[in-house]
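The chain contents come next:
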Amino acid sequence: MRIIAGVFKGRRLAPVKGRIRPTAAKVREAVFSILGPAVNGVRVLDLFAGTGALGIEALSRGAAVAVFVEDHPEALKVLRRNLEALGLTDRTTVWPLPVTTALKKLAGRGEPFGLAFLDPPYGGGDAAAALIALTSLNLLLPGARVVVEHSRRESLPEACGALTRLEVRRYGDTQVAFYLKEEPARQEHD
């Protein structure tokens, strides 16, 4: 698996053996093509991070910092190895916790994100639960983007709290849903 574009273009990422399903290169390329400049300078949250491919790709393309959440022991080793090999340990934080626990702890820090990736195991309902937690715990900046990779057999809501689904793209058995956190309505003063 290689980084597709940016400062780390062409660099290899170590894979995780076993049950981890990495995001295919064609899907990553399509996701970042759709996101475009929305990646520049943002704080990124990569949930169910696996190898870290999505968050690392965002850093390669200009994201400021990234927080990776992964609790699978083998994936954690590979994730840390990938971050070290690319010299990214100063711009990244790894939370070795289940996603729901990590989100609650992150909420207490008051440092919202401009971009979040969710790539949970297919079919477990984790994507919808993480979407709800992201919005209810106020972990996203106004205008933040959330990208959810999921099975085409799994449906996600059109809206979730302040998140509105903009579009869904299908790539074989994989679907990618793009959400936007709405800007708060401005109140007019007399």
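Residues numbered from 1 in each chain as written. Predicted model: local features only at pLDDT ≥ 70, side-chain atom pairs only at ≥ 80, totals over all residues. Heavy atoms only, no water.

Asks: An account of the packing of aromatic side chains is needed here, citing residue identities and associated values.
Replies: One pass over the structure, following the stated rule, counts one aromatic pair. A cation sits over an aromatic face here: Arg43 above Phe113, 4.4 Å from the ring centre. (Phe/Tyr/Trp six-rings, centres within 6.5 Å; stacked < 30°, edge-to-face > 60°. Lys NZ or Arg CZ within 6 Å of the ring centre and 35° of its normal.)

Asks: Explain the pattern of salt bridges to me, and be specific about the residues and the numbers.
Replies: For the structure shown, the criterion picks out six salt bridges. Of the charged contacts in the structure, one is a salt bridge between Arg61 and Glu57, with a shortest N-O distance of 2.9 Å. Classification of Glu57 as buried rests on a relative accessible area of 0%. One salt bridge connects Arg169 with Glu167, and the closest N-O pair in it is separated by 2.7 Å. By relative accessible area, Arg169 is classed as partly exposed at 36%. (Salt bridge = Lys/Arg side-chain N within 4 Å of Asp/Glu carboxyl O. Buried < 20%, exposed > 50% of the residue type's maximum accessible area, 1.4 Å probe, protein only.)

Asks: Give me empty space enclosed by the protein: which residues, what numbers.
Replies: Per the stated rule, a full pass over the model turns up one cavity of 30 Å³ or more. Counted as a void, the largest cavity has a volume near 50 Å³. What lines the largest cavity is Thr23, Val27, Val31, Leu54, Phe117, Leu118, Val147, Glu149 and Val176. At the level of secondary structure, the elements contributing two or more residues to the lining of the largest cavity comprise helix H1 (25–35), strand S4 (113–118) and strand S5 (140–151). Classifying every residue of the lining of the largest cavity by side-chain character gives seven nonpolar, one polar and one charged. (1 Å grid on protein atoms, 1.4 Å probe; cavity = no way out; pocket = protein on both sides within 12 Å on 5 of 7 lines; lining within 4 Å. Points joined across faces, edges and corners; volume = space filled by probe spheres on them. Helix = DSSP H or I, 4+ residues; strand = E, 2+ residues; numbered from the N terminus. Nonpolar A, V, L, I, M, F, W, Y, C, P; charged D, E, K, R; others polar.)

Asks: Go over the environment of Ala38, please, and point to the residues and values.
Replies: Inspection of the secondary structure puts Ala38 in the loop between H1 and strand S1 (43–47). Judged by its relative accessible area of 25%, Ala38 falls in the partly exposed class. Separated by 107 residues in sequence, Ala38 and Arg145 place their C-alpha atoms 7.9 Å apart.

Asks: Lay out the sheet that holds strand S2 (residues 65–69) with the relevant residues and their values.
Replies: Sheet architecture is open: eight strands sit in the order S3-S2-S1-S4-S5-S8-S7-S6, paired in mixed fashion. Sheet topology places strand S3 (92–95) and strand S6 (159–160) at the edges, where each strand pairs with a single neighbour. Looking at chain direction, S6 and strand S7 (residues 163–171) are connected through two bridges and run antiparallel. Bridge pairing in S7 links Cys160 to Leu163. Along the sheet, helix H3 (residues 73–85) contacts S2 and S3; its crossing angle with S3, the most-contacted strand, is approximately 175 degrees. (Pairing = 2+ DSSP bridges. Contact = heavy atoms within 4.5 Å. Axes fitted to C-alpha atoms, helices over the stretch in contact; angles between N-to-C directions.)

Asks: I'd like a rundown of unusual backbone geometry, residues and numbers included.
Replies: Within the chain, Phe48 stands out as a residue other than glycine whose phi angle is a positive 55 degrees. Take Phe48: its relative accessible area is 17%, and that puts it in the buried class. Positive phi outside glycine occurs at Asn138, with the angle close to 55 degrees. Checked against the element boundaries, Asn138 lands in the loop between helix H5 (126–136) and S5. Under the relative-accessibility criterion, Asn138 is labelled exposed at 52%.

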